[in-house]
Amino acid sequence: MFQPMTLNQSLAGLRLGQPVFFYRRIGSTNDEAKRLAESGAPEGSLVVAEEQTAGRGRSGRKWMTPPGTALALSLILRPSSPRLQAEQATRLNMLAGLAVCEAIEAVTGLRAALKWPNDVLVAKKKAVGILVESVFAGPRLDYVILGIGVNVSFKPPPEQVQFPATCLEAEVGREVDRLNLLKVLLTRLEARYRSASPVALYADWRARLTMMGEPVIIQTATGDQHGRMEDVAPDGALILQLDSGEMVRVLAGEAHLRRPADLT
Ligand code: BT5
């Protein structure tokens, strides 16, 4: 169990991670972070919970966080530079995915990869989900909630997930210190957030993506698209060569590798 005092002491001195709001049990850390941001909580405010009863994924999907088994956190960011404003959602998504990979590798020695658009995979299974939510005040970006869920000792049952899932302890075969992981993750996020180079960010993100060049099915809101994952664009879009040969850009969806039997 996290102890609020230890948590405060461990995160003291970090710019992202102060002040920290700790909950033993909460609906969703993203919802709580939004509530706090609406009442003026500053950039860097962090919500951490031991358990989420209504954890959220993208498009209304559910995210499971049983007590004491995960990192469930939401950071409030208030990007101020005009360029960040315009491109922030994409850049913060890339930044979060990369920082999570770097933290997992530093703490566990496991290799972490990204699955477009932004799942973090360990041993080809999903170990982390990321949910970035932006709130605008008219045309101006007001704040962003960066929500991250890391499976540390909980591995969801296969029948409850759409994509194979895992947790860090199952892959590394030993206990993983959640507090240390949280601290390293916040440190990596801060380093990536401060370094302004969008070019390096895009290059690093692209280099970590799996399924590149592979035959895939992309599930989108308007139906499945079958093709080959050609590349990704700097704005985060997937460039897909359809089976017909046509190249298309896909902004949002779920990527699945096609099994040989699916290929005709
Ligand atoms: C995500 O959504 O992967 C983003 C999840 C973000 C969760 C964090 S936890 C802290 C913060 N507070 C919140 O309320 N949310 C954020 P998506 O790509 O839509 O994936 C959701 C799908 O992943 C579900 O439909 C399940 O199939 C699967 N899933 C649910 N719980 C899982 C888990 N613990 N591990 C692996 N897969 C899971």
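Quantities reported herein were computed from a predicted structural model and do not represent experimental measurements. All chains use their own residue numbering, which begins from 1 and follows the written sequence. Where local features are concerned, this predicted model is filtered to residues with pLDDT of at least 70; where side-chain atom pairs are given and counted, the filter is 80 or more; whole-chain, interface and lining totals use all residues. Side-chain metrics rest on all non-hydrogen atoms present in the structure, leaving aside hydrogens and water.

Caption draft 1: Structural view of the domain arrangement of the chain. Boundary definitions for the domains trace back to an automatic or database domain assignment. Split into domains, the chain comes out as domain 1 (4-208) and domain 2 (215-263). Spacing between the C-alpha centres of domain 1 and domain 2 amounts to 26 Å. Residue contacts are defined here by distance: any two heavy atoms, one from each residue, within 4.5 Å place the two residues in contact. At the junction of the two partners, domain 1 supplies 12 residues and domain 2 supplies 17 residues. For the pair domain 1 and domain 2, the summed buried surface comes to about 1000 Å²; carbon and sulfur atoms form 55% of the total. When the buried area of domain 1 at its contact with domain 2 is split by residue, Trp116, Tyr202 and Arg206 rank highest and sum to 54% of it. As a working definition, buried area equals the accessible area (1.4 Å probe) given up by two parts on being put together, with both sides summed.

Caption draft 2: Focus on the side chain of Ser28. By the criteria applied, helices consist of DSSP H or I runs no shorter than four residues and strands consist of E runs no shorter than two, each listed in order from the N terminus. Here Ser28 is to be found in the loop between strand E1 (20-26) and helix H2 (29-38). We call a residue buried when its accessible area falls under 20% of the maximum for its residue type, exposed when it is over 50%, and partly exposed in between, using a 1.4 Å probe and counting protein chains only. Taking the relative accessible area as the measure of exposure, Ser28 reaches 5% and is therefore buried. Think of a polar contact as two N or O atoms within 3.5 Å of one another; within protein, one of them needs to be a possible hydrogen donor and the other a possible acceptor, and neighboring residues in sequence only count if both atoms come from side chains. Polar side-chain contacts of Ser28 include one of 3.1 Å to the backbone nitrogen of Asn30. Those residues in contact with Ser28, other than ones at most four positions away along the chain, are Gln52, Ala54, Gly55 and Arg56.

Caption draft 3: Summary view of the site of the ligand. The criterion for a residue being near a molecule or strand is simple. One of its heavy atoms has to lie within 4 Å of it. Ser28, Arg56, Arg61, Lys126 and Asn151 are the nearest of the 29 residues found near the ligand. Between the ligand and Thr29 there is a distance of 2.9 Å, counted from a nitrogen atom to a side-chain nitrogen or oxygen. Between the ligand and the protein, one listed contact pairs an oxygen atom with a side-chain N or O atom of Arg61 at 2.7 Å. For the ligand, the accessible surface in isolation is 800 Å², of which the surrounding protein chains cover 96%. Those elements that place two or more of their residues in the shell around the ligand are H2, strand E3 (70-77), strand E6 (125-137) and strand E7 (140-151). All residues other than Ala, Val, Leu, Ile, Met, Phe, Trp, Tyr, Cys, Pro, Asp, Glu, Lys and Arg, Gly among them, are scored as polar; the first ten of these are nonpolar and the last four charged. Of the residues belonging to the shell around the ligand, the class tally is 9 nonpolar, 13 polar and 7 charged. The Shrake-Rupley method, run with a 1.4 Å probe, gives the accessible areas here. Residue values count only the displayed protein chains as cover.

Caption draft 4: Quick peek at the packing of aromatic side chains. Aromatic contacts are taken between Phe, Tyr and Trp rings whose centres are within 6.5 Å, Trp giving its six-membered ring; a plane angle under 30 degrees counts as stacked, one over 60 as edge-to-face, and the others as tilted. A full pass over the atoms with the stated rule returns 1 aromatic pair. Think of it as a cone above the ring: NZ of Lys or CZ of Arg counts as a charge over the ring if it is within 6 Å of the ring centre and within 35 degrees of the ring normal. Lying across the ring of Phe163, Lys115 places its NZ or CZ 4.3 Å from the centre. One residue, Arg178, lies across the ring of Phe2, its end atom 4.3 Å from the ring centre.

Caption draft 5: Representation of the sheet that holds strand E4 (residues 112-115). Spatial ordering of the open sheet is given by E1-E2-E3-E7-E6-E5-E4, a layout of 7 strands whose pairing is mixed. Pairing within the sheet leaves two strands with one partner each, and these edge strands are E1 and E4. The sheet shows a mean angle of 20 degrees between the axes of neighbouring strands, taken without regard to direction. DSSP calls a pair of strands paired once it identifies at least 2 bridges connecting them. By the bridge criterion, 6 bridges tie E1 to strand E2 (residues 46-52) in an arrangement that is parallel. Across the sheet, the residue bridging to Ile26 is Gln52, located in E2. Structural elements are reduced to axes, namely lines fitted to C-alpha atoms, with helices fitted over the stretch in contact, and the angle between N-to-C directions of any two is expressed from 0 to 180 degrees. In the packing of H2 onto the sheet, contacts are made with E1, E2, E3, E6 and E7, and the angle to E7 comes to roughly 150 degrees.

Caption draft 6: Up close: the pattern of salt bridges. Throughout this description, the term salt bridge denotes a Lys or Arg side-chain nitrogen within 4 Å of a carboxyl oxygen of Asp or Glu. The final tally for this structure, using the stated rule, is 25 salt bridges. Across the salt bridge formed by Arg178 and Glu50, the nearest N and O atoms sit 3.1 Å from each other. Of this pair, Arg178 sits in helix H5 (residues 178-194) while Glu50 sits in strand E2, placing them 128 residues apart in sequence. A relative accessible area of 0% places Glu50 in the buried class. A salt bridge links Arg249 to Asp235; the shortest N-O distance between them is 2.6 Å. You can see Arg249 sitting in strand E11 (residues 247-250) and its partner Asp235 sitting in the loop between strand E9 (223-232) and strand E10 (238-242), a full 14 residues away along the chain. Its relative accessible area of 36% is what places Asp235 among the partly exposed residues. Connected via shared salt-bridge partners are Arg58, Arg61, Lys115, Asp119, Lys126 and Glu254.

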